[in-house]
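Below are the chains, spelled out letter by letter.
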Amino acid sequence: MMIEPPNDEYFMREALRQAQKACDAGEVPVGAVVVLAGKIIGRAHNQVELLKDATAHAEMLALTQAEAAVGDWRLIDCDLYVTKEPCAMCAGALVHTRVRRVIFGCADPAAGAAGSVINLLQMPALNHRCDIASGVLQDECAPILQNFFRKRRGEQGAAAS
């Protein structure tokens, strides 16, 4: 039997495990991993509420870990897997760190900056463009977010009545 090398689905499942950790902690359930040469060098989930920090998105925290792992702010040969399309802040950081590929699970029609609202990852005016792959394990990434927000809206509705 031949062992397959890790693929996009493999790494997205790792990101989904991170998203579940966020969900369990009451955070918006987004997870991210940074991969270099087939190895995970950064993994994180949203920690905005825990850290009281609006910048503590999964992507930002995973990028910081990856930078520490390689000893440089440039992540030229790295790929980032994230369960939801990055926002403008995260997309900007991905361009600045020169990430090679951004692979995301589900689109964010309200705030996505990898093509839904704007595509910061591939703006010709910027000094770097990331390759994008979207829809990887979308049917697993979308429900965790939908269920989280459905539950949150239910709690707010109950509190209002």
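Above this text is the structure in question.
Moving on to the layout of surface pockets. There is about 230 Å³ of room inside the largest pocket. Lining the largest pocket are 14 residues, and of these V28, K84, D108, L145 and F149 sit closest to its centre. Considering each element in turn, the lining of the largest pocket owes the most residues, four residues, to helix α5 (residues 138-160). Looking at the lining of the largest pocket, its residues break down into eight nonpolar, three polar and three charged.

Moving on, we come to the packing of helix α1 (residues 8-24) against α5. Relative orientation of the contacting elements α1 and α5 amounts to 10°, with a least axis distance of 10 Å. Compared by their axis directions, α1 and α5 come out roughly parallel. Of the residues in α5, those in contact with M12, R13, L16, A19, Q20 and C23 of α1 are E140, C141, I144 and F148. Its residues assigned to classes, the contact of α1 with α5 shows seven nonpolar, one polar and two charged.

Let us now look at the environment of S134. Tracing the backbone shows S134 in strand β5 (residues 131-134). For S134 and M123, which are 11 residues apart along the polypeptide, the C-alpha to C-alpha distance reads 17 Å. Other than its neighbours up to four places away in sequence, S134 contacts F104 and G105.

In the structure shown here, the tally under the stated rule is three aromatic pairs. Between the aromatic rings of Y10 and F11, the centroid separation amounts to 5.1 Å while the plane-to-plane angle is 85°, which identifies the pairing as edge-to-face. On the basis of relative accessible area, Y10 is assigned to the partly exposed category, the value being 41%. Look at F148 and F149: their rings are 5.1 Å apart centre to centre, the planes differ by 85°, and that puts the pair in the edge-to-face class. Given a relative accessible area of 31%, F149 falls into the partly exposed group. Aromatic rings pair up to connect Y10, F11 and Y81 into one cluster.

Rules behind the numbers
- Residue indices begin from 1 for each chain and proceed along its sequence in written order.
- Totals for whole chains, interfaces and linings use every residue, but because this is a predicted model, local features are given only for residues with pLDDT of at least 70 and side-chain atom pairs only at 80 or more, for both listing and counting.
- Each side-chain value is derived from all of the structure's non-hydrogen atoms; neither hydrogens nor water enter the calculation.
- Computed over the protein atoms alone on a 1 Å grid, cavities are sets of points where a 1.4 Å probe fits but cannot get out and pockets are open sets with protein on both sides within 12 Å along at least five of seven lines; a residue lines them when it has an atom within 4 Å of a point.
- Grid points are joined across faces, edges and corners, and a volume is the space filled by probe spheres set on the points.
- Runs of E in the DSSP output that reach at least two residues are strands. Runs of H or I that reach at least four are helices, and both are numbered from the N terminus.
- The nonpolar class holds Ala, Val, Leu, Ile, Met, Phe, Trp, Tyr, Cys and Pro. Asp, Glu, Lys and Arg form the charged class, and all remaining residues, Gly among them, are polar.
- Only the stretch in contact is used when a helix axis is fitted, and all axes are lines through C-alpha atoms; the angle between N-to-C directions ranges over 0 to 180 degrees.
- Any angle that falls under 35 degrees is termed roughly parallel, while one over 145 is termed roughly antiparallel, one within 65 to 115 roughly perpendicular, and all others oblique.
- Between two residues, a contact is recorded if the distance between any of their heavy atoms is within 4.5 Å.
- When two rings of Phe, Tyr or Trp (its six-membered ring) have centres within 6.5 Å they constitute a pair, described as stacked for plane angles under 30 degrees, edge-to-face for angles over 60, and tilted for the intermediate range.
- To sort residues, take the accessible area from a 1.4 Å probe on protein chains only and compare it with the maximum for the residue type: under 20% means buried, over 50% means exposed, and anything in between is partly exposed.

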